[in-house]
Amino acid sequence: MKTALDLVAAAKARIHEVGLDAAQAAIAQADVLIDVREPDEFRQGHLPGAVNMPRGLLEFQLSAQPQLQARDLAIVLYCKTSGRAALAAASLQEMGYLNVRSISGGFDAWAAAGNPVAAPQSPSFG
C-alpha cells in the first residue's frame, strides 16, 4: 500500500517544480497563481495575487470557469510545503494542462525567505 508521501514523491517526479529562486519569474509569467490550501490557511496569509482553490475542489473549479480552461494556460500552484501542490500539478497535467508549475517548499519556504505575503487586515475602529 502506498502512503501519501509515496504519492507526493511520484507526483514530484512527473511535474515541473520551481525553486524559490525562479518562483518570482514563474509567477510574473503566469496567467493564474493558485493557492491550493484550505480557505482558513489562505485567510491567514497568502502570496500576493493568488486565488484560493482548495485541493479538493481544484479540478471542479477549473472546469467550471471557461477563462481557466485553455490547455496552454500558465498556472503556478503552491500549498503549505509543496505536497498538495505537487499532487494538484500532476492532476492538472492529467487533465491536459501543458504549462503547470509548482513552487518547491510552498508558502512556508516563500515566507521564510522574506518574500512578500498578503496578510489579513484587521478592521480599524478608530
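Anyway, here's the lowdown on the structure attached to this text.

**Considering the packing of helix H1 (residues 4–14) against helix H5 (residues 83–95)**
And step 1. Between H1 and H5, the shortest axis-to-axis distance is 8 Å and the interhelical angle comes to 55°. Relative to H5, the element H1 lies oblique. Crossing handedness for the pair H1 and H5: left-handed. Residues Leu 7, Val 8, Ala 11, Lys 12 and Arg 14 of H1 form the contact with H5, whose participating residues are Gly 83, Ala 86, Leu 87, Ala 90, Gln 93 and Glu 94.

**Structural notes on the pattern of salt bridges**
And step 1. Within this structure, the stated rule accounts for six salt bridges.
And step 2. In this structure, Glu 41 and Arg 84 form a salt bridge, with 3.0 Å as the shortest nitrogen-oxygen distance. Placement of the pair is Glu 41 in helix H3 (residues 39–44) and Arg 84 in helix H5, with a sequence separation of 43 residues.
And step 3. Look at Arg 84 and you get partly exposed, because its relative accessible area is 26%.
And step 4. Between Arg 55 and Glu 59 there is a salt bridge, with the nearest N and O atoms lying 2.8 Å from each other.

**Details of the pairing of strand E4 (residues 74–78)**
And step 1. Extensive coverage of E4 is indicated by the burial of five of its five residues.
And step 2. Residues Ala 74, Val 76 and Tyr 78 point to one face of E4 and Ile 75 and Leu 77 to the other, with burial holding for every one of them.
And step 3. Taken together, the four bridges between strand E2 (residues 32–35) and E4 define a ladder with parallel strand orientation. Pairing of Asp 35 across the sheet is with Tyr 78, part of E4.
And step 4. Here E4 pairs with strand E5 (residues 99–103) via four bridges, running parallel. Bridge assignment links Leu 77 to a residue of E5, and that residue is Ser 102.
And step 5. Taking the sense of rotation as the criterion, the β-α-β connection linking E4, H5 and E5 turns out right-handed.

**A short note on the environment of Val 76**
And step 1. With respect to the helices, strands and loops of the structure, Val 76 is situated in strand E4.
And step 2. Once the C-alpha coordinates of Val 76 and Ala 30 are considered, the two residues, 46 residues apart in sequence, prove to be 6.3 Å apart.
And step 3. Leave out the neighbours within four places in its chain, and Val 76 touches Ala 26, Ile 27, Ala 30, Val 32, Leu 33, Ile 34, Arg 101 and Ile 103.

Criteria and cut-off values
Residues numbered from 1 in each chain as written. Predicted model: local features only at pLDDT ≥ 70, side-chain atom pairs only at ≥ 80, totals over all residues. Heavy atoms only, no water. Axes fitted to C-alpha atoms, helices over the stretch in contact; angles between N-to-C directions. Helix = DSSP H or I, 4+ residues; strand = E, 2+ residues; numbered from the N terminus. Parallel < 35°, antiparallel > 145°, perpendicular 65-115°, else oblique. Left-handed = near helix turned anticlockwise from the far one by under 90°. Contact = heavy atoms within 4.5 Å. Salt bridge = Lys/Arg side-chain N within 4 Å of Asp/Glu carboxyl O. Buried < 20%, exposed > 50% of the residue type's maximum accessible area, 1.4 Å probe, protein only. Pairing = 2+ DSSP bridges. Right-handed = clockwise from strand over helix to strand, strands pointing away.

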